[in-house]
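Breakdown of the fold
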Amino acid sequence: MLHTKKFNNNEYTIQSEGYENSRSWGHISKLYMNGIYMGKNKVRYYNRTWESYRFRSCMQNLVHGMLEDSIDMHLADYKEQNGIKRLTKSRREDAMQFADDRIKELQLLYKTI
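Conventions and cut-offs
- Residues numbered from 1 in each chain as written.
- Predicted model: local features only at pLDDT ≥ 70, side-chain atom pairs only at ≥ 80, totals over all residues.
- Heavy atoms only, no water.
- Helix = DSSP H or I, 4+ residues; strand = E, 2+ residues; numbered from the N terminus.
- Rg over C-alpha atoms; globule rule 2.2 N^0.38 Å.
- Buried < 20%, exposed > 50% of the residue type's maximum accessible area, 1.4 Å probe, protein only.
- Contact = heavy atoms within 4.5 Å.
- Areas by Shrake-Rupley, 256 points an atom, 1.4 Å probe, with all protein chains shown as cover.
- Lys, Arg positive; Asp, Glu negative; His and termini not counted.
- Charge placed at Lys NZ, Arg CZ, Asp CG, Glu CD.
- pLDDT = per-residue confidence, 0-100.
- Pairing = 2+ DSSP bridges.
- Axes fitted to C-alpha atoms, helices over the stretch in contact; angles between N-to-C directions.
- Parallel < 35°, antiparallel > 145°, perpendicular 65-115°, else oblique.
- Nonpolar A, V, L, I, M, F, W, Y, C, P; charged D, E, K, R; others polar.

Scanning the protein from terminus to terminus reveals three helices and four strands. Each helix (α) and strand (β) of the protein, taken in turn from the N terminus, gives the series β-β-β-β-α-α-α. Against the globule reference of 13 Å for 113 residues, the protein gives a C-alpha radius of gyration of 17 Å, more extended than a compact globule. Its C-alpha atoms give the protein principal-axis dimensions of about 55 × 30 × 25 Å. When burial is assessed residue by residue, the protein has 35% of its 113 residues classed as buried. Sequence separation of at least 24 residues holds for 43% of the intrachain contacts in the protein that already meet a minimum separation of 6. When the accessible surface of the protein is summed, it comes to about 7900 Å², and 44% of that surface belongs to carbon and sulfur atoms. Separation of charge centres in the protein, based on 19 positive and 14 negative side chains, amounts to 6 Å.

A few words on the confidence of the model for the protein. Residues at a pLDDT of 70 or more form 96% of the protein, whose mean pLDDT is 90. Here helix α2 (residues 89-97) stands out as the element of the protein with the lowest mean pLDDT, 90, in contrast to strand β3 (residues 25-33), whose mean of 94 is the highest.

With that settled, the discussion passes to the sheet that holds strand β1 (residues 2-7). Taking strand neighbours across the sheet as the criterion, the four strands line up as β1-β2-β3-β4 in an open arrangement whose pairing is antiparallel. Each end of this open sheet is capped by a strand with a single partner; those strands are β1 and β4 (36-45). Taking each pair of neighbouring strands and ignoring which way they run, the sheet shows an average axis angle of 15°. On the sheet, helix α1 (residues 56-82) packs against β1, β2 (10-20), β3 and β4 and is oriented at approximately 130° with respect to β4. Contacts from helix α3 (residues 101-112) reach β1, β2, β3 and β4, with the element oriented near 135° to β1.

Glancing now at the environment of Glu68. With respect to the secondary-structure elements, Glu68 resides in helix α1. On the accessibility criterion, Glu68 (43% relative accessible area) is partly exposed. Taking the C-alpha atoms as reference, Glu68 lies 28 Å from Asn47; in sequence the two are 21 residues apart.

The interhelical angle for the contact between α1 and α2, taken along N-to-C directions, is 105°, at an axis separation of 10 Å. Considered as vectors, α1 and α2 are oriented roughly perpendicular to each other. Contacts between α1 and α2 involve Ile71, His74, Leu75 and Tyr78 from the first element and Arg91, Arg92, Asp94, Ala95 and Met96 from the second. Its residues assigned to classes, the contact of α1 with α2 shows five nonpolar, one polar and three charged.

What follows is the structure, given as structure tokens:
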């Protein structure tokens, strides 16, 4: 299954597929931005699962993980550039105002899943 969304000039594609072995089954999702591989996530199930639609939890975990990594890197850079050791809530909000477009696009992508 392909889930494709376009934000600004970037096209995000999540390619999802199922797998099965003797003891479990699951889903694998891979994220591509403009055809360039960005990461993958694997969800393993032992029993029946209930999702709004197939592959949803796998795709959400993938984008959520990428989003958290991007935010952590952005905040670490912000702290280093400004000589800050700890971020208060208000400083974190200030830092997130300067977040790059990729973080904002990943947030939008997560909401569309």
